[in-house]
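Geometric and topological summary
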Amino acid sequence: MFVRVQRVRQRGRVYEYVHIVEGYRDEGGKVRHRVVANLGRRDQLKDSGALDNLAAAFTRLDPAPGRYVVGALPLVVPVLERLDVAGIVDRACPMRGRAHLTHGEVIAALVANRLTAPRPLYDVAGWANAYAANDWLGTPGALLNDDRLGRALDAVAGRIDEIASSVALAAIGAFGVDAARLHWDFTSVAFCGAYDDQDQDSPTIGYGHSSDRKSHRRQLKVAHTTTASGIPLFGRVVDGARHEGAETGQLLETLRGLAQPRRLLLVADSALVNKANLAAADDCGIRFVSRLPRTFDYETDALAQPDEAWRPLSYCAQRAKRLPPGQRPSFAGAESTIEMVGPDAVARRFRVLYIYGSEEAGAARASRARLLCRAEDALARIARGLIAKPRQDPERVGRRVAKAVADGRVGQWLRTEVKADNEENLSLRWWRDTDALAETARRDGLYCLVTNMSPQQCSSGRLLALYKDQALSERAHHFLKGPLAVRPVFLHSNRRAAALVAVCSIAVLIYGLIETETRRAIAPARNIEGLLPEQRAARPTAENIFRAFVGLGFQRVRTTTGLQAIPDPLSAAQQAIIDALQITSVLPPKG
């Protein structure tokens with residue numbers, strides 16, 4: 001049998017019909033053809049998508065020979081299967097009737113795309129064809145057009161939290177992820193487009209505080225809870241204009257459920273701290289450590305602490321251990337308490353730890369010096385302009401001076417004076433306020449942690465170490481915006497935008513799982529030989545693990561025994577990772 005296109009002229013127009021034709025021999029032994037099925041007009045089949053479905057069906061039956069890329073799919077596909085991502089999505093978003101691809105299969109393919117070679121939605125089909133996604137995932141590229149991806153994202157949009165929670169629980173069950181300690185933090189993801197008519201039942205794209213300092217772009221916000229081992233376990237997408245602290249209270253029960261049966265320890269940043277959230281966490285038995293915002297006005301009490309109250313804290317970051325002891329950052333802490341009255345009008349007393357950090361103090365001094373020099377340079381330019389042209393509009397000059405000292409609030413340390421003489425000639429002078437600078441210097445490197453754990457449950461040094469591990473959340477955000485390439489994009493609706501960010505959060509989880517599983521498998525060894533260029537050894541990270549597999553592929557050729565897949569030779573680093581993760585082959589299971 002074969003497919004034949006037959007042209008038929010009707011009323012001066014030419015139509016093409018797609019037929020399935022069978023060849024046979026008649027009684028005289030001559031080869032004859034007969035039409036087994038008339039599939040319909042070619043233009044109608046193409047417009048309805050049936051032609052793509054037909055092509056995909058033939059692709060499933062007879063893979064084409066050629067060169068295919070593998071990349072990191074041998075690492076990703078087993079994790080997708082163990083997490084049952086496709087099954088979780090299908091149970092949350094069941095489809096009616098028959099379909100060549102379910103929503104779960106489409107989302108699993110989209111996750112694999114983000115982890116191997118991120119493409120715009122309109123080009124995911126090209127990625128699927130190049131990476132033999134039909135063999136790896138059972139999703140022919142012809143079916144992964146942008147319309148099908150959009151419909152899958154629309155379906156997922158109404159079940160984002162349910163799917164994220166189910167995938168997190170699957171990671172805990174399948175990989176033994178320890179969720180007793182979670183680090184929680186928000187970041188922003190920028191989007192292009194106007195989005196005037198948005199679905200209010202989904203997170204809305206809008207202007208807000210940008211983590212990337214790009215407040216001119218519309219955005220969504222996404223939060224990740226990261227485990228102590230660095231796995232971004234759970235992600236949640238919220239409105240782009242929403243304040244981070246307003247969302248935390250709604251999530252405490254979800255996070256506590258991930259930690260059960262153990263008691264949850266939540267580490268968060270200052271933007272998430274308000275009285276309502278701390279009261280809610282304390283009420284439901286969640287232990288927390290967070291940086292207290294300066295709006296709580298703790299600095300006065302901290303500066304009033306006597307010298308004997310400050311004690312050295314035994315904390316040293318891993319990167320600082322390589323420095324000589326005299327050059328390592330130092331920390332001193334003083335303990336106190338703070339009383340808060342939550343929305344329930346109940347007064348609660350929490351433990352606070354005031355901290356002086358030498359590294360933070362040095363960074364604050366350097367930043368202030370840069371800001372002062374920049375402002376003074378701007379003021380000097382204004383003064384030179386007044387010397388050259390002294391008779392200017394005083395209001396305009398005042399606005400220029402105010403703008404020069406506004407950056408970094410330098411005006412609190414710089415004093416300026418614009419004077420006019422009898423002839424209305426303007427002059428500018430400025431000087432540094434030494435008293436204000438000295439008062440600010442007292443606060444350099446000073447910050448405060450708040451917790452509901454007693455000193456017996458958690459020492460001062462341990463509190464500081466827990467908070468310093470908050471960098472794990474920043475690392476998850478780096479994964480999201482760097483290797484997974486979540487860049488400013490345009491989508492037709494905020495529903496699809498929120499769903500795409502949620503899909504990328506699942507990809508970030510898999511990214512972290514592969515890193516953690518590789519490190520666990522090679523322990524007690526820490527490095528893999530040849531992982532970096534020039535065959536240098538390095539500790540496996542998700543980024544260099546995935547980079548090691550870039551360009552790996554296989555050749556599918558026809559032989560006398562049928563199609564045969566011939567893989568590229570593996571490097572020493574690739575083989576070490578394959579062995580560590582107990583992967584039997586880099587060829588697709590259907591190859």
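Higher on the page you've got the structure.
Residues numbered from 1 in each chain as written. Predicted model: local features only at pLDDT ≥ 70, side-chain atom pairs only at ≥ 80, totals over all residues. Heavy atoms only, no water.

A few words on the packing of aromatic side chains. In the structure shown here, the tally under the stated rule is ten aromatic pairs. Taken together, a centroid distance of 5.5 Å and an interplanar angle of 20° make the contact between Tyr68 and Phe554 stacked. Within this pair, whereas Tyr68 is found in strand β4 (residues 66-69), its partner Phe554 is found in strand β18 (residues 553-559), the two being separated by 486 residues in sequence. On the accessibility criterion, Tyr68 (12% relative accessible area) is buried. Residue classification places Phe554 among the buried positions, given a relative accessible area of 0%. Ring-pair connections join several aromatic residues into one group, and the members of that group are Phe479, Tyr511 and Phe546. One residue, Arg82, lies across the ring of Phe175, its end atom 3.9 Å from the ring centre. Directly above the ring of Trp413 sits Arg368, whose terminal nitrogen or CZ lies 5.7 Å from the centroid. (Phe/Tyr/Trp six-rings, centres within 6.5 Å; stacked < 30°, edge-to-face > 60°. Helix = DSSP H or I, 4+ residues; strand = E, 2+ residues; numbered from the N terminus. Buried < 20%, exposed > 50% of the residue type's maximum accessible area, 1.4 Å probe, protein only. Lys NZ or Arg CZ within 6 Å of the ring centre and 35° of its normal.)

Moving on, we come to the side chain of Asp444. Note on placement: Asp444 falls in the loop between α15 (434-442) and β15 (446-451). Taking the relative accessible area as the measure of exposure, Asp444 reaches 7% and is therefore buried. Among the polar contacts listed, one links the side chain of Asp444 to the side chain of Arg368, at a separation of 2.7 Å. Asp444 has contacts with Tyr356, Ala361, Ala364, Arg365 and Arg368, leaving out every residue within four places of it along the chain. (Polar contact = N/O pair within 3.5 Å; in protein donor to acceptor, adjacent residues only side chain to side chain. Contact = heavy atoms within 4.5 Å.)

By volume, the second largest pocket amounts to about 850 Å³. The wall of the second largest pocket is formed by 21 residues, among which Gln318, Arg319, Asp469, Leu472 and Arg539 lie closest to the centre. Contributions of two or more residues to the lining of the second largest pocket are made by α16 (460-468), α17 (471-481) and α18 (494-522). Taken together, the residues of the lining of the second largest pocket break down into seven nonpolar, four polar and ten charged. (1 Å grid on protein atoms, 1.4 Å probe; cavity = no way out; pocket = protein on both sides within 12 Å on 5 of 7 lines; lining within 4 Å. Points joined across faces, edges and corners; volume = space filled by probe spheres on them. Nonpolar A, V, L, I, M, F, W, Y, C, P; charged D, E, K, R; others polar.)

Here we take up a positive patch on the surface. On the surface, a cluster of positive charge is made up of Arg381, Arg384, Lys389, Arg396, Arg399 and Arg400. Considering each element in turn, the positive patch owes the most residues, three residues, to helix α14 (residues 394-404). With a relative accessible area of 52%, Arg384 lands in the exposed category. (Patch = residues over 30% accessible without salt bridge, like charges linked within 9 Å, V, L, I, M, F, W, Y side chains within 5 Å. Areas by Shrake-Rupley, 256 points an atom, 1.4 Å probe, with all protein chains shown as cover. Salt bridge = Lys/Arg side-chain N within 4 Å of Asp/Glu carboxyl O. Lys, Arg positive; Asp, Glu negative; His and termini not counted. Charge placed at Lys NZ, Arg CZ, Asp CG, Glu CD.)

Read across the sheet, three strands follow the order β4-β18-β19 without closing on themselves; strand pairing throughout is antiparallel. Lying at the two open borders of the sheet, with one neighbouring strand each, are β4 and β19 (562-567). Taking each pair of neighbouring strands and ignoring which way they run, the sheet shows an average axis angle of 25°. Across six bridges, the pairing between β18 and β19 is antiparallel. From the neighbouring strand, Gln555 faces β19, where its bridge partner is Ile566. (Pairing = 2+ DSSP bridges. Axes fitted to C-alpha atoms, helices over the stretch in contact; angles between N-to-C directions.)

Moving on: the pattern of salt bridges. Applying the stated criterion to the full structure yields 32 salt bridges. Put simply, Arg319 and Glu359 hold a salt bridge, and the shortest N to O gap is 3.2 Å. Of the two residues, Arg319 sits in the loop between β10 (311-312) and β11 (331-341) while Glu359 sits in helix α13 (residues 358-388), which places them 40 residues apart along the sequence.

Under the counting rule described, the total for this entry stands at three cavities of 30 Å³ or more. If you add up the space inside the largest cavity, you get close to 150 Å³. Lining the largest cavity are 19 residues, and of these Ala164, Gly235, Ala502, Ser505 and Ile506 sit closest to its centre. Residues that form the lining of the largest cavity fall into these classes: 16 nonpolar, two polar and one charged.

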